[in-house]
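# Structure assessment
The lines below spell out each chain.
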Amino acid sequence: MILVTGATGKVGGQVVSQLLERGTAFRALTRDPGAARLPVGVEAVAGDLADPQSLDAALDGVDAVFLVWPFLTAEAAPAVVDRIARQARQIVYLSMAGVRQRTDGPVDPITGFHGELERLIERSGLARTFLRPVGFASNTLGWAEQVRADGVVRDLNGSLARPLIHERDIAAAAVRVVTDGPDGGHAGAGYVLTGPALVTQIEQARAIGEAIGRPVRFEEMAVEEKRQQMLSWLPPSGVDAVLAAWAGMAGAAEPVTGTVEELTGSAPRTFRQWAADHAADFR
Ligand SMILES: NC(=O)c1ccc[n+]([C@@H]2O[C@H](COP(=O)([O-])OP(=O)(O)OC[C@H]3O[C@@H](n4cnc5c(N)ncnc54)[C@H](OP(=O)(O)O)[C@@H]3O)[C@@H](O)[C@H]2O)c1
């Protein structure tokens, strides 16, 4: 029995669909099973990762957990990992690319909490696999309102190229690892997952335009304006650290890996495919 957390989210939602398709036994965790729009036939279980005790029923009889951490701090993580380790043998954690490398200098809160989670899981004794994807293609959904309004995407650094990854490919890797089980050869691994190629933000905007059948243009935004935008969801130190990380990426592109294909047998989807799959969100 597998417990899928983040089951109503982008990656977990795909894990749910793909496990369902395979006929694998699993449960889907959500804070509100009544409101969760899960596919027919999925067993939804209530639980809140901020309240570790609330997870006990969901964890009962579970062998493996796909863990998505939805917070910006690791505060509740020791108790959550401890409860998982008491019940399950295997954990597949949705971490992030670069988590190990950024140990010196300012660490943004996101890299910080993923690092903390990895360290806790490492110490838990569970057969653990860390999935370390690069930026999600779905981050560009943040442009949807602007695309719908006037077909102009305003953001920082149009020439920044990243190998953004489709949530389906992250999920396919997770499903492979979790269904191979704790003795399937993935214990101790940290898989860096990327899309198939570097795509600049200008090209991403253009691909969205092609998917919706009308032109979408990228327009440069000033750093200060971006900083103000980000302050609505990150503390100032976090904003500075994220901006510094992006500046670093502009100077040295992230490597493209073949790991998705090695794990799943299929090449990762292109950004163009992602845009086609999500065209409705931008119309
Ligand atoms: N975006 C990127 O570029 C990127 C890159 C690398 C790693 N990541 C990591 O990916 C993770 C996010 O994955 P995602 O985008 O698939 O998630 P998402 O679409 O934002 O969905 C969040 C999920 O978390 C669940 N959730 C929220 N609060 C919860 C709580 N208190 N207790 C239990 N469940 C809770 C929600 O379920 P309910 O509302 O149904 O409870 C929902 O299923 C983050 O850890 C992020 O750092 C992101």
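Cut-offs and rules
- Residues numbered from 1 in each chain as written.
- Predicted model: local features only at pLDDT ≥ 70, side-chain atom pairs only at ≥ 80, totals over all residues.
- Pairing = 2+ DSSP bridges.
- Helix = DSSP H or I, 4+ residues; strand = E, 2+ residues; numbered from the N terminus.
- Axes fitted to C-alpha atoms, helices over the stretch in contact; angles between N-to-C directions.
- Contact = placed C-beta atoms within 7 Å.
- Expected span 1.5 Å × (residues − 1).
- Buried ≥ 20, exposed ≤ 12 C-beta atoms within 10 Å, placed from the backbone.
- Parallel < 35°, antiparallel > 145°, perpendicular 65-115°, else oblique.
- Left-handed = near helix turned anticlockwise from the far one by under 90°.

## So, the sheet that holds strand 1 (residues 2-4)
Pairing is parallel in the open sheet, where seven strands are placed in the order 3-2-1-4-5-6-9. Lying at the two open borders of the sheet, with one neighbouring strand each, are strand 3 (43-46) and strand 9 (190-193). Direction aside, neighbouring strands of the sheet carry axes that sit 20 degrees apart on average. Its contacts with the sheet put helix 1 (residues 10-22) on strand 1, strand 2 (26-30), strand 4 (64-67) and strand 5 (90-94), and the angle it makes with strand 1 is roughly 145 degrees.

## Some words on helix 6 (residues 167-180)
The periodicity of an α-helix, 3.6 residues per turn, causes residues three or four positions apart to be oriented the same way. Its 14 residues place the ends of helix 6 20 Å apart at the C-alpha level, agreeing with the 20 Å of an ideal helix rising 1.5 Å per residue. Inspection of helix 6 places E167, R168, D169, I170, A171, A172, A173, A174, V175, R176, V177 and V178 among the buried residues, and these make up the whole buried set. Phi for G181, located one or two positions after helix 6, is positive at around 85 degrees.

## Notes on the packing of helix 1 against helix 6
Their axes nearest at 8 Å, the elements helix 1 and helix 6 cross at an angle of 55 degrees. Here helix 1 lies oblique to helix 6, going by the angle between them. Every pair of crossing elements has a handedness; the one defined by helix 1 and helix 6 is right-handed. Only E167, R168, I170, A171, A172, A174, V175 and T179 of helix 6 make contact with helix 1, whose side of the interface consists of K10, V11, Q14, V15, Q18, L19 and R22.

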